[in-house]
2 protein chains.
Amino acid sequence: MSEFSLIYRHFGSATPPHANTILGIGDDCAISQLPKGNELVSCLDTLVAGRHFPHMTSPHAIGYKSVAVNLSDLAAMGATPYAILMGISLPDHLANDAFCHDFAQGIKAACQPFGVELIGGDTTGSDILALTVTALGFIPQGQAIRRQGAKSGDLICVSGKIGLASFALSDILKGNDTPLRSALDYPTPQVLLGQALRGYASAMIDISDGLGQDLGHILSASGVGARLDLDQIPTDALLHELPNQSKWQHILNGGDDYQLCFTLSPDRFMAFQRDFPDLAIYPIGKIIDAQGLTLMHHDEPVEIPIKGWQHF
Amino acid sequence: MSEFSLIYRHFGSATPPHANTILGIGDDCAISQLPKGNELVSCLDTLVAGRHFPHMTSPHAIGYKSVAVNLSDLAAMGATPYAILMGISLPDHLANDAFCHDFAQGIKAACQPFGVELIGGDTTGSDILALTVTALGFIPQGQAIRRQGAKSGDLICVSGKIGLASFALSDILKGNDTPLRSALDYPTPQVLLGQALRGYASAMIDISDGLGQDLGHILSASGVGARLDLDQIPTDALLHELPNQSKWQHILNGGDDYQLCFTLSPDRFMAFQRDFPDLAIYPIGKIIDAQGLTLMHHDEPVEIPIKGWQHF
């Protein structure tokens, strides 16, 4: 099957046109205009079958997730998503209408809530299914929230429950079905919260590799340390049924939750709760001067090695 | 080896910083500003080992070519290259300093002549080496050269010799060395010519899939036909030693030359030659009203099926 017919049949109209697109799919490049007073925000993430999602993941979920993890990166800067470009490496046995239809519907499901348009890409054969997405977004000049900027005394917050995707993956790898599958397959990029945090958060990252490792990036970039209260980290009731050490492994060293982790001064925290009463945020600890990450349980420090996900 | 240490050691400083970059590698996203009065031009291309380059290609050439083919897409719009994001899927046996050093040097060799900066990306494990690059560029408002726009009476031109990469690949696939290896491994993106053609060319594309198929895209998008004079198409002396049919296969159905193919009125052709005496362009035929592609040899029509490269 030719790559051109595949592309146009399934992806050409997968997403709605965006007002900032001058030229979309179908030429050598796409052409876009930026809203006045905005900067361009861009990122790229690759998902490989069997490494970033289990082989048995549905085509719809694969399409959805390959977009969602990139929109999550935009959210982590406080940016407004605009468009994606997608590289699809497709094994012969998947180069058919059934797979491509469901996959394109998954892309659409991730794009549509945020008005994101698919403006370009490339489809090629490969022995392994792999998706590489570039996401483009806009942010008003100077308002991006970086990893650096956390200050001693800031509160550390997350946007929602942590460890669910890791719990689901461990079920699936054991060959079981799992009640938390949607946390793994259909993470919700925290786009609206990310934008709302402009002017409030001092530093931000999304949790893709594990809360421990990703918070660690904020700490290194900002030159500070942190004390986390493990008992305050929101998670699912199913994880509370596990022994503490297993639970904390999922929470600190699991990945793929795509919640936001961010810091803000106690004043800004109060102001945010007042200004955005409908957006829940969860304080889980404090930024401190002392380097490193201290983990507290029932007011006592506990030792848990922080690994994060290694893709090798 | 951790992806973070690999990325920072080899790619963190592979390219020079660009004045339009506000934040480069090392956060969730890159942040860029556009030059005033410019639009954003973006594209994405994937290269898979054994499909888009022979397995024995040097790491340096792989790094170079993965960037060059994307800069060629920018050139085909007349855009000024700005930056790249790169997704690297790396098999375990290549996740080492030796490969990554040479590969990063190849990226640098493709970026440096045009001041292109590597502003982001992702490195992940995979059983197959694959590279997905997004290239970003700028173009003054409304000046992009699209595939549509060719008009009856326009001349069809190319930017240089055609069929060399295909000739080289056929040598390599036979297990031979080839004097034209650099045409396959180190194509030169025609960036300066592409920019110079703003305001002159009526339609443009780069030749990645074969002159026949790529010119075909201009014809379909523009709703016109073409007559090509095979004897006028510039190629290498080595191809002239082949029987005509083999030579024409390389020229029309080979790919990977990354020369530009473009159309312009005879007036604009004269003006371009006057205004840019140092930039060689080669007329090879004419746009005509009649649909389809007519191929002429010694003033007689000849039949050559147009295939282009199919990646399935």
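Predicted, not measured: the structure shown is a model, and the values here were computed from it.

> Requested: an account of the pattern of salt bridges, with residues and values cited.
For the structure on display, the rule yields 14 salt bridges over all chains. The shortest N-O distance in the salt bridge between Arg51(A) and Asp127(B) comes to 3.3 Å. Placement of Arg51(A) in the loop between strand S3 (38-48) and helix H2 (59-75) and of Asp127(B) in the loop between strand S5 (117-125) and strand S6 (130-140) is noted, with the two residues assigned to different chains. The exposure class assigned to Arg51(A) is partly exposed, which follows from its relative accessible area of 31%.

> Lay out the UniProt feature "binding site: Mg(2+) 1" (unreviewed entry) in chain A in plain terms, naming residues and giving numbers.
Residues given the UniProt feature "binding site: Mg(2+) 1" (unreviewed entry) here are Asp45(A) and Asp122(A). As for its placement among the helices and strands, Asp45(A) is situated in strand S3. The class of Asp45(A) is buried, set by a relative accessible area of 18%. Dropping the residues within four chain positions of it, Asp45(A) is found in contact with Val69(A), Asn70(A), Asp73(A), Leu131(A), Thr132(A), Val133(A) and Asp122(B). On the secondary structure map, Asp122(A) appears in strand S5 (residues 117-125). Overall, the relative accessible area of 8% leaves Asp122(A) in the buried class.

> Let's hear about the sheet that holds strand S10 (residues 260-264) of chain B: which residues, and what values?
All names here are of chain B. Strands sit in the order S8-S10-S7-S11-S9-S12-S13 across an open sheet of seven strands; the sheet is mixed. Looking at which strands have only one partner, the edges of the open sheet turn out to be strand S8 (203-206) and strand S13 (300-302). The mean angle between the axes of side-by-side strands here comes to 30°, regardless of whether they run parallel or antiparallel. In this structure, strand S7 (residues 155-158) lies alongside S10, joined through four bridges in antiparallel fashion. Bridge pairing in S10 links Ile 156 to Thr 263.

> Go over the environment of Ile128(A) with me, naming the residues and quoting the values.
Here Ile128(A) lies in the loop between S5 and strand S6 (130-140). A sequence separation of 97 residues divides Ile128(A) from Gly225(A), and the C-alpha atoms of the two residues are 41 Å apart. If we ignore the near neighbours within four places in the chain, the residues touching Ile128(A) are Val48(A), Ser89(A), Pro91(A), Ser126(B), Asp127(B) and Ile128(B).

> Go over helix H3 (residues 97-111) of chain B with me, naming the residues and quoting the values.
Each full turn of the α-helix corresponds to 3.6 residues, which orients residues three or four apart in the same direction. All names here are of chain B. Relative to the 21 Å expected for 15 residues at 1.5 Å per residue, H3 spans 21 Å between its end C-alpha atoms, a close match to the ideal helical length. Buried residues of H3: Phe 99, Cys 100, Phe 103, Ala 104, Gly 106, Ile 107, Ala 110 and Cys 111, and no others. One face of H3 carries all of its buried residues, which in axial projection span an arc of 155°. Capping the start of H3 is the job of one residue whose side-chain oxygen sits 3.2 Å from the backbone nitrogen of Ala 98: Asn 96.

> Summarise the packing of aromatic side chains; cite the residues concerned and give the values.
Applying the stated rule across the entire model yields twelve aromatic pairs over all chains. Through a chain of ring-to-ring contacts, three or more aromatic side chains come together here, namely Tyr200(A), Phe272(A) and Phe276(A).

> Outline the relation of the copies chain B and chain A, supporting the account with residue identities and numerical values.
You can overlay chain B on chain A at an RMSD of 0.0 Å; the transform is a turn of 180° with a shift of 0.0 Å along its axis. Given the turn and translation reported, the copies of this chain are related as if by a two-fold rotation axis. Of the residues that chain B buries at the interface, 100% are likewise interface residues in chain A, meaning the two copies contact each other through the same surface.

> Tell me about the UniProt feature "binding site: Mg(2+) 3" (unreviewed entry) in chain A, residues and numbers included.
The residues that UniProt annotates with the feature "binding site: Mg(2+) 3" (unreviewed entry) are Asp28(A), Asp73(A) and Asp206(A). These annotated residues cover 179 residues of sequence, and their C-alpha atoms reach 32.4 Å apart at the extremes, leaving them scattered rather than at a single site. With respect to the helices, strands and loops of the structure, Asp28(A) is situated in the loop between strand S1 (21-23) and strand S2 (30-32). Owing to a relative accessible area of 7%, Asp28(A) belongs among the buried residues under this scheme. The residues touching Asp28(A), leaving out its near neighbours within four places in the chain, are Cys43(B), Asp73(B), Ala76(B), Met77(B), Arg147(B), Met204(B), Ile205(B) and Asp206(B). At a separation of 3.2 Å, a polar atom in the side chain of Asp28(A) contacts the side chain of Arg147(B). In this structure, Asp206(A) sits in strand S8 (residues 203-206). In this structure Asp206(A) touches Val69(A), Ser72(A), Asp73(A), Ala76(A), Asp214(A), Tyr258(A), Gln259(A), Leu260(A) and Asp28(B), once residues within four positions along its chain are discounted. Among the polar contacts listed, one links the side chain of Asp206(A) to the side chain of Ser72(A), at a separation of 2.7 Å.

Reading the values: rules and limits
- Residues numbered from 1 in each chain as written.
- Chains lettered and ligands numbered in written order.
- Predicted model: local features only at pLDDT ≥ 70, side-chain atom pairs only at ≥ 80, totals over all residues.
- Heavy atoms only, no water.
- Salt bridge = Lys/Arg side-chain N within 4 Å of Asp/Glu carboxyl O.
- Helix = DSSP H or I, 4+ residues; strand = E, 2+ residues; numbered from the N terminus.
- Buried < 20%, exposed > 50% of the residue type's maximum accessible area, 1.4 Å probe, protein only.
- UniProt positions renumbered as here; feature names shortened; annotations may be inferred.
- Contact = heavy atoms within 4.5 Å.
- Pairing = 2+ DSSP bridges.
- Axes fitted to C-alpha atoms, helices over the stretch in contact; angles between N-to-C directions.
- Expected span 1.5 Å × (residues − 1).
- Arc of directions from axis to C-beta.
- Polar contact = N/O pair within 3.5 Å; in protein donor to acceptor, adjacent residues only side chain to side chain.
- Phe/Tyr/Trp six-rings, centres within 6.5 Å; stacked < 30°, edge-to-face > 60°.
- Least-squares fit on C-alpha atoms with pLDDT ≥ 70 in both.

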